[in-house]
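Now for the letters of each chain:
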Amino acid sequence: MTAILQVHGLVKQFGGLMATDHANLSVEQGELHALIGPNGAGKTTLIHQLSGALPPDAGRIVFAGQEITAMPMHQRARAGLARSYQITSIFQRLSVLDNLALALQSKNGSSMRFFRSARSDAPRYEQARALADQVGLSSKIQSQAGALSHGEQRQLEIGMVLALRPRLMLLDEPMAGMGAEESQRMVQLLLTLKSHTTMVLVEHDMDAVFQLADRISALVFGKVIATGTPDTIRKHPDVQQAYLGDSDGGNETQNVHQQGATA
Ligand SMILES: Nc1ncnc2c1ncn2[C@@H]1O[C@H](COP(=O)(O)OP(=O)(O)OP(=O)(O)O)[C@@H](O)[C@H]1O
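Computed from a predicted structure; not experimentally measured.

## Topic: the domain arrangement of the protein chain
Frequently, the measure chosen for interface size is the accessible area removed from exposure when the parts meet. For the protein chain, the assigned domains are domain 1 (1-80 + 166-247) and domain 2 (91-165). With ten residues of domain 1 at the interface, the matching set in domain 2 holds ten residues. The element contributing the most residues to the side of domain 1 that touches domain 2 is helix 8 (residues 180-193), with four residues. Here the residues of the side of domain 1 that touches domain 2 are counted per class, giving seven nonpolar, one polar and two charged.

## Things to note about the confidence of the model for the protein chain
Per-residue pLDDT for the protein chain has a mean of 88; in total, 86% of the residues score no lower than 70. Across the protein chain, strand 4 (residues 58-63) holds the top mean pLDDT of 98, while helix 12 (residues 250-261) sits lowest at 51. With pLDDT under 50 throughout, residues 246-250 is counted as low confidence; its partners more than four residues away or in other chains account for seven contacts. Reported confidence for the predicted complex is 0.97 by ipTM and 0.88 by pTM.

## Details of the sheet that holds strand 2 (residues 17-28)
One open sheet holds the four strands; their spatial order is 2-1-4-5, and the pairing between them is antiparallel. Bordering the open sheet on either side are strand 2 and strand 5 (66-67), each of which pairs with just one other strand. Taken together, the two bridges between strand 4 and strand 5 define a ladder with antiparallel strand orientation. Bridging across to strand 5, Val 62 finds its partner in Glu 67. On the sheet, helix 1 (residues 43-51) packs against strand 1 (3-14), strand 2 and strand 4 and is oriented at approximately 60 degrees with respect to strand 2.

How each quantity is defined
Residues numbered from 1 in each chain as written. Predicted model: local features only at pLDDT ≥ 70, side-chain atom pairs only at ≥ 80, totals over all residues. Domains from an automatic or database assignment. Contact = placed C-beta atoms within 7 Å. Helix = DSSP H or I, 4+ residues; strand = E, 2+ residues; numbered from the N terminus. Nonpolar A, V, L, I, M, F, W, Y, C, P; charged D, E, K, R; others polar. pLDDT = per-residue confidence, 0-100. Pairing = 2+ DSSP bridges. Axes fitted to C-alpha atoms, helices over the stretch in contact; angles between N-to-C directions.

Below, the structure is given as C-alpha cells:
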C-alpha cells in the first residue's frame, strides 16, 4: 500500500488552545480512514486544514507526492483532494440531473454561464444519469434539489463531488441530522464507493464508523493518539480512556464500548 496523503507535525493554535497538536497521519491509497475523538478533539479543524480552508501554523501536508501545505482550496480540489459540501453547493431550484450536469461541467473547466448549452449536451447528461444512479438517486433525477429529503441532498452532494473524480474525498459528518434509515442508506452508499475512492471520514455515528472504516485514527486534544484497524482501535486502552473521560460524549462513549464488547 502507498500513502496518498501524509500529514507531518501539523499544528493549529487558536489563542492559547492547541486545536491540532503536532498531528501525524498517513492515509493509504484506496482505504476509508475515519477520524474519531471526543467533542472538541480537533477533527473538524484537521479536516479544514486538509481541505485548505484553514492554514496550519506549522507542519506539512503531502498529497499524491506533492507538497500542498500552502495550496489554496480550489487548487487542492483540482489536484483531486475534494471535500463534499465546500467544493460544490447544491442549486436548490435546479433538478438533481441539472445539478450533477453542472458539477461535471465545472470539472471540465466550463463556466456556469454556459449552463444553457449544457442542457443540450447529451453525453454530459448521460454521465449525470450514471452519477445519479451511483448515489442512489436515479428515481429522483427530475426532482428539484430543494425538494429532496435531507439524506437525499447529502447523497446529491456526494454525487457532485464524485463528478470531480476525486482521488481522495473528505467527508465531514455525512450522517449528521439523519435518522436511522437515512444513515443506513448513506453507509450502503459509502460502502459501494469504497472500492474506487479513497476517503477520510469524520463521523460521530460510531456504528457507521466501525462498519465502514479500514483504519481509524483517534484524536484527543489535537493529538493523534492511535491509528489502526477498527479492531485495534476499539480495544485500545488510551482510546477507551479518552471516551470515558468525555462527559459530553454520551452515545459515542457507549458505542465505542459496545463495539469493544462485541469485538
Ligand atoms: N475558529 C476557532 N476559534 C477558536 N477556537 C476554535 C475555533 N475552531 C475550533 N476551535 C476550538 O478548537 C478545538 C477543536 O475544535 P474542533 O471543532 O476541531 O473539534 P471536533 O473534534 O471537530 O469537535 P466536535 O466533535 O464537537 O465537532 C475546540 O476546543 C474548539 O472550541
